[in-house]
Each structure stands twice: as structure tokens, then as C-alpha cells.
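Descriptive structure summary
Read off the chains here:
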There are 6 protein chains.
Amino acid sequence: MAMGGIIMWKYIKKLEYPVNIQKKNLEMAKVLLAQYGGPDSEFGAAMRYLNQRYTMPDEKGMALLTDIGTEELAHIEMIATMIYQCMKGATIEELKEAGLCGQYVQHDHAVFPVDANGVAFTSAYIETTGDWRSDLESDMAAEQRARTTYEHLMNMTTDPDILAPLSFLRQREIVHYQRFKELKEYYENKNNINK
Amino acid sequence: MAMGGIIMWKYIKKLEYPVNIQKKNLEMAKVLLAQYGGPDSEFGAAMRYLNQRYTMPDEKGMALLTDIGTEELAHIEMIATMIYQCMKGATIEELKEAGLCGQYVQHDHAVFPVDANGVAFTSAYIETTGDWRSDLESDMAAEQRARTTYEHLMNMTTDPDILAPLSFLRQREIVHYQRFKELKEYYENKNNINK
Amino acid sequence: MAMGGIIMWKYIKKLEYPVNIQKKNLEMAKVLLAQYGGPDSEFGAAMRYLNQRYTMPDEKGMALLTDIGTEELAHIEMIATMIYQCMKGATIEELKEAGLCGQYVQHDHAVFPVDANGVAFTSAYIETTGDWRSDLESDMAAEQRARTTYEHLMNMTTDPDILAPLSFLRQREIVHYQRFKELKEYYENKNNINK
Amino acid sequence: MAMGGIIMWKYIKKLEYPVNIQKKNLEMAKVLLAQYGGPDSEFGAAMRYLNQRYTMPDEKGMALLTDIGTEELAHIEMIATMIYQCMKGATIEELKEAGLCGQYVQHDHAVFPVDANGVAFTSAYIETTGDWRSDLESDMAAEQRARTTYEHLMNMTTDPDILAPLSFLRQREIVHYQRFKELKEYYENKNNINK
Amino acid sequence: MAMGGIIMWKYIKKLEYPVNIQKKNLEMAKVLLAQYGGPDSEFGAAMRYLNQRYTMPDEKGMALLTDIGTEELAHIEMIATMIYQCMKGATIEELKEAGLCGQYVQHDHAVFPVDANGVAFTSAYIETTGDWRSDLESDMAAEQRARTTYEHLMNMTTDPDILAPLSFLRQREIVHYQRFKELKEYYENKNNINK
Amino acid sequence: MAMGGIIMWKYIKKLEYPVNIQKKNLEMAKVLLAQYGGPDSEFGAAMRYLNQRYTMPDEKGMALLTDIGTEELAHIEMIATMIYQCMKGATIEELKEAGLCGQYVQHDHAVFPVDANGVAFTSAYIETTGDWRSDLESDMAAEQRARTTYEHLMNMTTDPDILAPLSFLRQREIVHYQRFKELKEYYENKNNINK
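Residues numbered from 1 in each chain as written. Chains lettered and ligands numbered in written order. Predicted model: local features only at pLDDT ≥ 70, side-chain atom pairs only at ≥ 80, totals over all residues. Heavy atoms only, no water.

Looking only at helices and strands, one finds eight helices and one strand in chain A. Going residue by residue from the N terminus, the α and β elements of chain A occur as β-α-α-α-α-α-α-α-α. Relative to the globule expectation of 16 Å for 195 residues, the C-alpha radius of gyration of chain A, 18 Å, shows essentially globular dimensions. Along the three orthogonal principal directions, the C-alpha set of chain A runs to about 60 × 45 × 30 Å. Evaluated residue by residue, chain A yields a buried proportion of 70% over its 195 residues. Restricting the contact set of chain A to residue pairs at least 6 apart, pairs at least 24 apart contribute 79%. Carbon and sulfur atoms make up 51% of the accessible area of chain A, which amounts to about 6200 Å² in all. Across chain A, 21 positive and 28 negative side-chain charges occur, with their mean positions spaced 3 Å apart. (Helix = DSSP H or I, 4+ residues; strand = E, 2+ residues; numbered from the N terminus. Rg over C-alpha atoms; globule rule 2.2 N^0.38 Å. Buried < 20%, exposed > 50% of the residue type's maximum accessible area, 1.4 Å probe, protein only. Contact = heavy atoms within 4.5 Å. Areas by Shrake-Rupley, 256 points an atom, 1.4 Å probe, with all protein chains shown as cover. Lys, Arg positive; Asp, Glu negative; His and termini not counted. Charge placed at Lys NZ, Arg CZ, Asp CG, Glu CD.)

Structure representation (C-alpha cells):
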């Protein structure tokens, strides 16, 4: 790599799922921030899973959290791309009308990790207890909340360019939920814990 | 990839620089948190650079921010590993004595993105303005602060297992500073801006 | 009631479970704050459940959240009493030695809703999505985390006066988890949702 | 009680003052949040008074703070009911127009403890010093601010269904102010403190 | 002085640059908050520089930080005056339409240190490391971001009463940037540090 | 002035009350932060009063808030000087022992606006409602809390170099309380408000 040294993450210049929004949509730009820097955002998801890895009971758990955490990094990228495309070329007048003047004054057309109301991301949104049951239940709950947020977002638009990646992302959350659930049950059986 | 779909980040199971701390060191575990979830932490660095990419003036700028942001993801991993190894096997009695009872009760031996006082990470620590000069000056300043923090950390220990990766990380911040400075000067020259 | 009008909550001057700590224990006072104003605290629990009631699908769900939320109010009271008794009569010298000088200077011997590191409670710790599956999964996860926190607290002391109420509270979290789980499964069956 | 054990709070299924808002009013839903999770909210009030009880000089002070704190719990309930009724049946289109798209995406039609701008509640809003003069002055000031907020809210609507409970709540703050003032003067006289 | 004693700051009843906004402008009131309590606000600037003084290497550095920090206090005053004048005489109906109902309910026509989205000021926005290079680079970056914010604000209005003070303030940030740069270079030369 | 232009604040290089602490005292450095960046700190006081000026009913009120706000700026300076002198020359070993390793790693020997637990200052600590009664009651309460905090600080040391300025500052809070009270009563009489 150009920067020297060996690194742990390799960036592949291709989105997990194509994002190609043709029509400016400031309203969606604003609410998509919920999934960028909000309580149940992809940022929070990546941080939560990558962070919990170290105290999983075995390699199996660590691997799953690494896999899903890595995928969430890709989802951050997708959401950022969507917000950026939704705002692209918007005039100041348009940003004003969309209630995005706070965004414009503080960040221009740049993406910033806040929620849909402009509130900064905080690690208070995530959980890591060192207990696999608590952590995996927290992960399952987080995936359900992310699914709900994607459904709310999908209810707000009819643009297929926006709906397609949102639908893909919602589907991934359902898959992640299942994976976390299977892992929890695997550990419960292994430890003879009555679910 | 096992999870399905194409993703943008590939996880390589190897630290950028080897971390192999043999001796438990709870004092260092506590202060290393400054570089995990603190104001000038690696978490903040990765978020700052990856976030600013979209509004850089050209591919050259985007590429540099992607490269350095990606490397910072690897540094998060190194710091997490260091904290984890520094705490490994610590008894409750030892955690108490090291002033880590808050850590134990809320997170056990798990790593969590807070600063050295236990305060949650917030995106209020980072900056993205949509203006390349402001953003690159912010990046240069952030690298200087990270360098300073590494120097403070190095002043707190004599353990070579801890000093070596810290020294490597400090060196990387200096290299990043130079890269950001060169990019800023490149854009200044291109735009005939008097530095 | 003395204050006039009809109110919805009636205060009964009796703790849900007796708290009678005879021996000053500043170390425990400090860490018990995790359950008073911390991320997985009783304060958060009461706020979470009472807040989610309104969008539960039916009376059954509303009733359960009201019941458990009301009980959590009683748990706040128990934790406050425990912290107060653990700090009672402590001299400034003793508070200093226990790392509670920040507590003393800012709050004297009073209880305040911060976590074990002195960080203020925030509603960023809780979740309400308007979706019963997301909310009930969040509640189940919250109960698991509270259970874990109680286990960590119990690992820190051998005083039976402290252990007995902690053990009672831990047990209640397990019961709450079961209740939330049963309610979630009841709604899943009713809606033919494959768990 | 169904949950087992003896609890300290009994929930009575009746609002302190009837809330029966017939007409959807999203603008009011938004600003009523100021009294739900804002700086001078009912949530803050309940937390402030219930929290300060333990260090009041005698039973008289503890009893007053318990009484008023308990009543504020009932006020939280009233405000939540008002917000819920003001939002009931609102379509996504209506929520968008009212600037509540952040609310919808993150919480749907559920009530959440944020202020009128969507900022999370924090215990940084409340005060507990362990000194009765400081605490009672803080309580008096808090009641004045709550009164002011209710006046602002009343200035924003002409709907009698909304005005009536707001007027009742405003009146209660005035009564609470008097009670706190009387208690402060009682302690000042008892301690020969020149007001 | 009327209050007794000798004080360190003398208030001169005259703005650094005249502010005399004739035309109500609620949109600008809202976004000017970015410079009052936002991330790169004058409040943050004054706090940052006055705070860093103590660890500058010599009198020269301390003097510059005192000078600029003192001037930023004057800028806080200018911005507060501008916001106040922009809101003066606004009816509730007008505040509602401008998306300032949160402002009205919580602060009426008063100025409050929040950002353009209503989020509270936090010292997490500023930096002080005890290292002159880090601090001066942080100051340079902060001045660039403040310049950018002023440019964004100027792009939002054509009112000369608002543009003139904004233009003055923007110009001051450029001068400050130069001063910080010169000081940094002076110290670098003195310490034979390769820039 | 060297920086050009006319400014509103003039800095006089003399502390309101002399601070000359001869003996290093890291314990006091830590707790003095409560008065620097804590909930009832001098920073909060200056911000609160200077911020409330604009909506006072007349010149009399504005003048008092300006006077006291200006004096609080001088108090910030005194507290910063005290903390700096208490930490001066402390070795890393000494900072570690005093529980100030978080301070060292993140800020070295520099002063930073956090509370005694290392939590960032937030404007959530202050109040401005646009209503003179609410604001003046809030100011009176704030002065009482500041007085209490100074008393707690004085209880923690016997060093006359530290006690003298603390005693002076405590005394000023009592004077400020009286002034705010007189102003409130003046307005109450003028408006025939029954206290």
C-alpha cells in the first residue's frame, strides 16, 4: 500500500450494492442522516460489533462479529453516498426550503455523522458488556431497530433509485439478526442455558 | 464473502504493526483509551477522514483521505488490541486498585470507545466543513494532537512491548501530517492561494 | 393527596426489598452509580418502558410495560438508598481516598444520576421506535445488560447487606426478561411472524 | 402486584387532570417535547426532586420533595398523553410538513424524551448539591422556568383541549414554587439565616 | 468598579464593529447561532485561546492568545447582538414559520448558546494539549473553519446590514489565522523544527 | 489595540484577587476543575449572565448582568491560575498517583474546561428563558450552588494560599446573590407581583 506498512483493512473501490440516485432529494438527505450518525445508524452498528469482538467466547463469535462489523463499514459508505447524491447540486435556496440551513452553514454539502435532527453521534448509543448473552441480545435488538428505521425511510419515498439500496440494506439487517440469533442459540446450547 | 454481496472493505487478519504485550498494565489500559474513544483518538481520525472524502476537490484528495482513513481503521484495531492485552487476566482486585472499577462494572474486560476518564466518544470531536482548506488544516491539526497524545502515552511507560507500537503509531501521525500538508499546498498552488 | 388534584402515582413508604447497609462502603457507592445513572441503569429502564407504552399494539402490552416500568421506579429508589447508606457518615478524607472527591465537591453526600465515572445520564441510552418487535427486543437486551451489571456489582463485594438487595434486583431482571420474551412471542404468534 | 414483591410506587390508571385532545396538532406535538425531555421538562423536575430528597435536613423536607416529585411523575404522563394525542393518526406527509420527519424516521408516532429540537434529555439539566438552600433555590428557579415554558406553550395554541391541561400544569408549577419557598423560609428561620 | 475589587476584564460599551440590523430576518437568526454556540463558534474560539495561554512557551505566545481571545469575546457580543436584532419584534406566528418554535418555547426571544440545529455548546469542540505546535495548528484550523462558516452565512443573505459585520468578522478570522501561523513559525525556527 | 479595531473587552493584566500558590497540590487541581468547567462553574456563570442581558426589561437589569458577567470572566481567570499553579512542576509519577493520568494524557499540564470527573462543559448547565423572573431566580440559585461548591472546596484543604482566593470567591457569590435578589424584588415591586 502507498502509505507504507501492512494494514488490516483493504478498501475496495466498489459499493456493496450500487447507489445511483439521479434525482436530488433534500428531504431524503435529511432523514438518511438517521442511518449515518443516528442512534441506530450504520456507524453505531460498525462500532458496536467491531468493538464487542474481543470478549466473544471463541473464534466463531469473533469471526461473525468481524464479518458483520466489516459489512457495516460498507453500509456507512453506501449511506454516505446516498446522502451525498441526494444533496448534489442543491442550491442554498433549496437547502433553506428543506430545513437544511443548519447543515449548509455548518457543513455545506458535506456529509457529517449527526442524526436526522442534527445531533452529534455518541458512543452512548452502543453497548459492550463483556457478557456474550448481553452483547448478542443487544446486537439482535440493534438489527431490529435498524430494520425499523429502514422501513420508515422506505415509507418516505417512491424513488426507485433510493428504494432499491434501502431495500437491500433492510434485507441485510434481517440476515444479520438471524446470524446473531443463531450464534446466541449456539452458545446457549453449548452452555446448557435455558433460553 | 460469507455474508453475501460485494463489500467495500476487506478485513485482513493481521495487525499493521505487531502488538504483543506480555505484562498486564492496567494503568496503561486506562490511558490508552484516550486513543480509542478520546477527542484525538484513532476512532475520531478514521471518522474524520473517511467522512471528508466526498467534498475534496478531486480524485487525488479523495484517494489520500481514503488511504489515511483506512489506515486509521487499522490503528483502531491496534489500540483495541493493546488495551485488551494490557487488561488481560486482571482480577477485580487489580482493576479496583487501578481505578478501573467503573470500567469493570460497566464493561468488564471489554474495550469501549470512551476517553481516559470514561467519557463517551462524540462526533463533536471531528470537523467537516465542505471546504478543502478548512478540512485539511483540521486534519493537520488533528495529526499534531494525535502525535502529542502518543508522546504523552510513551512518557508513561518503559515497557518495550507497549513503547514499540506506540512509537510506530506516533511516526505514522507525522507521516500523515506531511501528506495532508502536501495536499493542502498542492491545492493552494493550483488555486493561486497565498499560503 | 396533600398537593391537591388526582395523581397517577401513589408513593408507598416502603422499599420493594429491604435495604439496610450497616457498613460504610465508598467503593460500592461509586460503582452502584452504574445502576443509578449509567447506560443500563434503573433510571434508564423506567424511562424506557414507561416511554414505550403508548405504541404497544394492545392493552396487554401496555399493561406489562406499565407494570415493569413502575417496578423500575421502585428499583431506582432501592439503588439510591443503597448508595446513600454506603456513603453515610463518610469523612472528606475517606471520600478522597475512595476517588470520590469529584462527587464530594459537586454533590457532597447526595445521590446524583451519573454513571460510575461521573458522566451524566442521557436519554441516548434508551430506545423507542414505535415498532413492538424492535422495542421488545431492546427491552430484552436491556434486561440482560442490567443482569450483567448486577453480576459485576455482586463480584465486587462480600457484604451480605449489599449482596442481598443486589441479588433480589438481579433476579427481577431475569423475570422481566422472561416477561418481555413471552410478550414478544405472543405478538409474533398473533401476527404469524416466524421468530 | 402481578410482578411479585412489594413495590414503592402504585400506578393509578387515571390522569391527574383529564387530557382529551380531539384535533391532531403536529406543531404542538413538536413543542410539547420541551416539557417532556427538554431542559425544564417534567422529566427533569421529577428526577430533580426525587433525587434531592435524601439530603434534606428533616422529614418535613423529604416529604415535600417526595410529594412534588411524585406529582411530576404524573405530569410526565399527562405530557406524554398530550403529545401522543396531538400526533395520533398523522400521515407521513403531515409529519414531513410539520418538520417532524426526524421524529418519524427515528421514533415513528412514539413519544421520546428529547427537547423541542430533538436533543436527548441529560441529567446535566438538573442540580443536587447536598445543601438545602442551594437545592431549594434551584427548585424554585426550576418551577419558574417550567411556568414560563407553559406560558410559551399556551401562547402557541387556541385549542381549548390543549389549553386546559396546560393551564392546569402551569398552575401547579406556581403552587410548587410557593411550597418550595415556604420550606426554604422555614429552614432559614430555623437556622437563623438572614434571607 | 461598582461591584468592588479589581477585575481583569473591563467592559467597554461599544461594539468592535457597529451592528445595526433594520430588517427582521428569522432565517438568519437561526443560522447565526452556528457562530454563537456551534462547533466553530466565537464562544468556542474565545474559550479555546484564553484556555491555551497558560502553556504557551513564552510571553509572546501568551500575549497573542490573550489578545485574540479577548477579541473573540467581543465577537460573541457582536453575534449575540445580530441574532437579537434579527429576531426583534418577531411574532409567534413568524417564529413558527421560520422553524424557530423550539427556540421560542425554550428561550423566547433570548439568545442561547446552541448551534444552528439547537444543539447545546460543548467544550468537546475545543482543543488544548499543552503542546504549542498542536495548539497553534488547532487554532489555525479553527480560524479556517470560522472563515468558512462566515462565508456560508454571507451566501445566505443580501442584506447589507447583515453582510457588513459578517464581512468584518470573516476578515478578522483571516488576520487571526496569519498571526497564529507567524507565531507557530517563530517557535519552529526558534526550536529548529523543520516545518 | 494591537489587533486593530475597537473591542468591547479590555484585558487588564492583574487578577481581581491575588493568586500565589506556593505548594503543588494535585488533589486540589483536580477538584478546582469543578469551578472551571463543571455544572456550577465560573465559565457557566459568565456565559449565563452575559447571555441573559439582552432580554432584561431595562438598562438597570442589563447593567447588573453585564457587571456580574464581566466579573465572572475574571473569576475564570483566577480559577485557571489556581489550577495551573497547583499542577506546576508535577511529575508524571505524581499526576498518576493523584488520579490525573487522564488529564496528563489528554491535556498535559494545561487547563481544560471539564468538571472534576473530566466531563466536558456543556451549555445544558445554563438557563435563559427570556422571562426576567425565571432568569433572575435561576441566577440566584446558581450563586447558591457556586457558594456551596466553594465551601466544599474549602473543606478540602488547609493551605492558606488556596483558602484565601477561595474565600474571596465564595464571598463574591454571596454578594452576587444579594444583587440578583434585589433586582428581582425591584422588578416584582415595579410590576406589582406578589413575591
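There's plenty left to go through after this.
Glancing now at the relation of the copies chain E and chain A. With an RMSD of 0.0 Å, the fit of chain E onto chain A corresponds to turning through 120° and sliding 0.0 Å along the axis. This pairing of chains is accounted for by a three-fold axis. Of every C-alpha in chain E, the one belonging to Val 119 of chain E sits nearest the axis of rotation, 3.7 Å from it. Interface residue correspondence from chain E to chain A reaches only 14%, placing this contact among heterologous pairings that use different surfaces. (Least-squares fit on C-alpha atoms with pLDDT ≥ 70 in both.)

The next thing to look at is the environment of Leu 50 of chain B. Residue and element names in this part refer to chain B. Relative to the helices and strands, Leu 50 resides in helix 2 (residues 42–52). You can call Leu 50 buried: its relative accessible area is 13%. When the C-alpha atoms of Leu 50 and Gly 69 are compared, they prove to be 5.2 Å apart, with 19 residues separating the residues in sequence. Those residues in contact with Leu 50 that sit more than four places away from it in its chain are Trp 9, Leu 65, Thr 66, Gly 69, Thr 70 and Leu 73.

On to the packing of aromatic side chains. Residue and element names in this part refer to chain C. Counted under the stated rule, the structure contains 54 aromatic pairs over all chains. Ring geometry for Trp 132 and Tyr 187: centres 5.3 Å apart, planes at 50°, overall tilted. Residue Trp 132 is found in helix 7 (residues 132–155), and its partner Tyr 187 is found in helix 8 (residues 160–190); the two are separated by 55 residues along the sequence. Exposure remark for Trp 132: the relative accessible area of 14% places this residue in the buried category. You can call Tyr 187 buried: its relative accessible area is 1%. (Phe/Tyr/Trp six-rings, centres within 6.5 Å; stacked < 30°, edge-to-face > 60°.)

Turning our eyes to something else, we now look at the relation of the copies chain B and chain A. Copies of the same chain, two in number, are related to each other by a rotation about an axis and a translation along it. Mapping chain B onto chain A calls for a screw motion: a turn of 180° about the axis and a shift of 0.0 Å along it, with 0.0 Å RMSD after fitting. Here the copies are linked by what is in effect a two-fold axis. Comparing interface residues between copies, 98% of those in chain B also sit at the interface in chain A, which points to an isologous, same-surface contact.

Contacts between the two partners involve 14 residues from chain E and, on the opposite side, 11 residues from chain A. Buried area between chain E and chain A, summed over both chains or domains, comes out near 1200 Å², and the portion from carbon and sulfur atoms is 62%. Three residues, Asn 117, His 152 and Met 156 of chain E, lead the burial of chain E against chain A; their summed loss comes to 46% of the area buried on that side. At the boundary of chain E with chain A, the tally comes to one salt bridge. Here Lys 96 of chain A makes a salt bridge to Glu 27 of chain E, at a shortest N to O gap of 3.0 Å. Between chain E and chain A we count seven residue pairs in polar contact (both at pLDDT 80 or more) in total. For the side of chain E that touches chain A, the secondary-structure elements that each account for two or more residues are helix 1 (26–37) and helix 6 (132–155) of chain E. (Buried area = accessible area lost by both parts, 1.4 Å probe. Salt bridge = Lys/Arg side-chain N within 4 Å of Asp/Glu carboxyl O. Polar contact = N/O pair within 3.5 Å; in protein donor to acceptor, adjacent residues only side chain to side chain.)

This part is about the side chain of Thr 55 of chain C. Here Thr 55 of chain C lies in the loop between helix 3 (42–52) and helix 4 (59–87). For Thr 55 of chain C, a relative accessible area of 16% translates into the label buried. The residues touching Thr 55 of chain C, leaving out its near neighbours within four places in the chain, are Gly 130 and Asp 135 of chain C together with Tyr 84, His 109 and Ala 110 of chain D.

What follows is about helix 2 of chain B. With 11 of 11 residues buried, helix 2 of chain B is to be regarded as a mostly interior element. All of the buried residues in helix 2 of chain B are Glu 42, Phe 43, Gly 44, Ala 45, Ala 46, Met 47, Arg 48, Tyr 49, Leu 50, Asn 51 and Gln 52 of chain B.

Given 3.6 residues per helical turn, the α-helix brings residues three or four places apart onto the same face. Residue and element names in this part refer to chain B. Taking 1.5 Å per residue as the helical rise, helix 3 (residues 59–87) with its 29 residues ought to reach 42 Å, and the 42 Å between its terminal C-alpha atoms agrees with that figure. Most of helix 3 sits out of view: 23 of its 29 residues are buried. Of the residues flanking the start of helix 3, the one acting as N-cap is Asp 58, its side-chain oxygen 3.2 Å from the backbone nitrogen of Lys 60. Following helix 3 by one or two positions, Gly 89 has its phi on the positive side, about 75°. (Expected span 1.5 Å × (residues − 1).)

With the rule as written, the count across this model stands at 106 salt bridges over all chains. Among the ionic pairs, Arg 145 of chain F bridges to Glu 127 of chain F, the shortest N-O distance being 3.9 Å. Taken together, the residues span a long stretch of sequence, with Arg 145 of chain F in helix 7 (residues 132–155) and Glu 127 of chain F in the loop between helix 6 (101–107) and helix 7 at a distance of 18 residues. Given a relative accessible area of 2%, Arg 145 of chain F falls into the buried group. Here the salt bridges share partners, and the residues they tie into one network are Asp 40, Arg 48, Glu 127 and Arg 145 of chain A.

All names here are of chain B. Summarising the element assignment, Leu 100 is placed in the loop between helix 4 (92–97) and helix 5 (101–107). Exposure remark for Leu 100: the relative accessible area of 4% places this residue in the buried category. Spatially, the C-alpha atom of Leu 100 lies 37 Å from that of Leu 136, the residues being 36 residues apart in sequence. Setting aside anything within four residues of it in sequence, one finds Leu 100 in contact with Leu 26, Lys 30 and Leu 95.

With 96% of its residues at a pLDDT of at least 70, chain A reaches an overall mean of 94. Here the predicted complex carries an ipTM of 0.94, next to a pTM of 0.96. (pLDDT = per-residue confidence, 0-100.)

Residue-level contacts link 56 residues of chain B with 56 residues of chain A. Both sides of the chain B and chain A interface together cover about 5200 Å² of buried area, and 62% of this is carbon and sulfur. Between Lys 13 of chain B and Glu 59 of chain A there is a salt bridge; the shortest N-O distance is 3.1 Å. Linking chain B to chain A there are 21 residue pairs in polar contact (both at pLDDT 80 or more). Secondary-structure elements contributing two or more residues to the side of chain B that touches chain A are strand 1 (9–11), helix 2, helix 3, helix 5 and helix 7 (160–190) of chain B. Counting residues per element, the side of chain B that touches chain A draws most heavily on helix 3 of chain B, which supplies 13 residues. Examined bridge by bridge, strand 1 (residues 9–11) of chain A and strand 1 of chain B share three bridges and lie antiparallel to one another. Note that in strand 1 of chain B the partner of Trp 9 of chain A across the bridge is Tyr 11 of chain B. (Pairing = 2+ DSSP bridges.)

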